Amino acid sequence: MEKEELKRNLEQVWSRIEKAKERSGRKDNILLVAVSKTKPVELIQMALELGQFDFGENYAQELRDKSRQIPDPRIRWHFIGTLQRNKVKYLIGKVVLIHSVDSLALLEEIEKRAGKAEVKMPILLEVKLSPEESKAGVGVERLRSLVESALQKPHIKLQGLMTMPPYFPDPQQARPYYVHLRELRDKLEGELGIKLPQLSMGMSNDFEVAIEEGATIVRVGTAIFGEREQCRVSAGN
Ligand SMILES: *Cc1c(COP(=O)(O)O)cnc(C)c1O
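Below is a summary of the structure that appears in this document.

## Some remarks on the packing of aromatic side chains
Two aromatic rings are characterised by how far apart their centres lie and by the angle between their planes. Evaluated as defined, the whole model comprises two aromatic pairs. Ring centres of phenylalanine 55 and tryptophan 77 lie 6.1 Å apart, and the angle between their planes is 50 degrees; this geometry places the pair in the tilted category. With a gap of 22 residues between them, phenylalanine 55 in strand 2 (residues 54-57) and tryptophan 77 in strand 3 (residues 76-79) connect regions that are remote in the sequence. In terms of burial, phenylalanine 55 and tryptophan 77 fall into one category: buried. Ring centres of phenylalanine 168 and tyrosine 177 lie 5.7 Å apart, and the angle between their planes is 40 degrees; on these two criteria the pair is classed as tilted. Accessibility classification places phenylalanine 168 together with tyrosine 177 in one group, the buried group. Positioned over the ring face of tyrosine 90 is arginine 64, at 4.3 Å from the centre of the ring. Taking the ring centre of tyrosine 90 as reference, the NZ or CZ of lysine 89 above it sits at 5.3 Å.

## Quick look at the pairing of strand 4 (residues 95-101)
By the criterion of burial, strand 4 is predominantly enclosed, with six of the seven residues buried. As defined by bridge partners, strand 4 adjoins strand 5 (residues 121-128) across two bridges and the pair is classed as parallel. By the bridge assignment for strand 5, valine 101 is matched with leucine 125. Running through helix 4 (residues 104-117), the crossover from strand 4 to the neighbouring parallel element strand 5 is right-handed.

## Observations regarding unusual backbone geometry
A positive phi angle is found at threonine 38, which is not glycine, with a value near 65 degrees. Tracing the sequence through the fold places threonine 38 in the loop between strand 1 (31-35) and helix 2 (41-49). The exposure class of threonine 38 is partly exposed, given its relative accessible area of 30%.

Conventions adopted
- Residues numbered from 1 in each chain as written.
- Predicted model: local features only at pLDDT ≥ 70, side-chain atom pairs only at ≥ 80, totals over all residues.
- Heavy atoms only, no water.
- Phe/Tyr/Trp six-rings, centres within 6.5 Å; stacked < 30°, edge-to-face > 60°.
- Helix = DSSP H or I, 4+ residues; strand = E, 2+ residues; numbered from the N terminus.
- Buried < 20%, exposed > 50% of the residue type's maximum accessible area, 1.4 Å probe, protein only.
- Lys NZ or Arg CZ within 6 Å of the ring centre and 35° of its normal.
- Pairing = 2+ DSSP bridges.
- Right-handed = clockwise from strand over helix to strand, strands pointing away.

Just distances and angles here, no functional claims.
Given below as structure tokens:
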């Protein structure tokens, strides 16, 4: 991809975010995480030069390798993929936010590693809203107890919720999922007397709908960096 094309894509996404914000009468900030999974570091470097500083990766080792190849202190890495417990160690101290925590075992591993590193790790809990899909995420019925566990961990900073609906060709079909996540957040805030300010929801084909429904973080890959290769081996990652 040429820098001109990347620039055009980024400017388009930034402007679509602004328009969706205006449409929904929002004045707060929306964070764009540019999802760079499977894409070369040269593209990340280019995006950085264009003023994009937040990047999302799905594979812990890929994130670790890329962060070593581009040790630019302006980059803010986000981990958004399925996380295995034995990969947590690659992320502590490297990423600004783990979006995809969905089990007590993961919470405990993050607490342990963050404690050793003497940092407080910001996380989101990933919620699974479509039972029929073999998706990651904590089920709605177990969400509250996972929130309560997270709140008890001194080295974990729970900042909100994340979700990833099934793929729909029509972005309007994703809307009920985003409404649902916002309502779950509001309910937890009310019941537990806490603040969960961040809602990470919305991808290339539906981020405007997500913003209309309250997303504070959108995770956009294809619309910025182009299509990804389909056949990636993720084993051992
Ligand atoms: C790949 C991925 C994205 C970005 O998807 P696009 O459709 O390319 O924008 C967002 N969130 C998660 C969790 C992903 O795995």
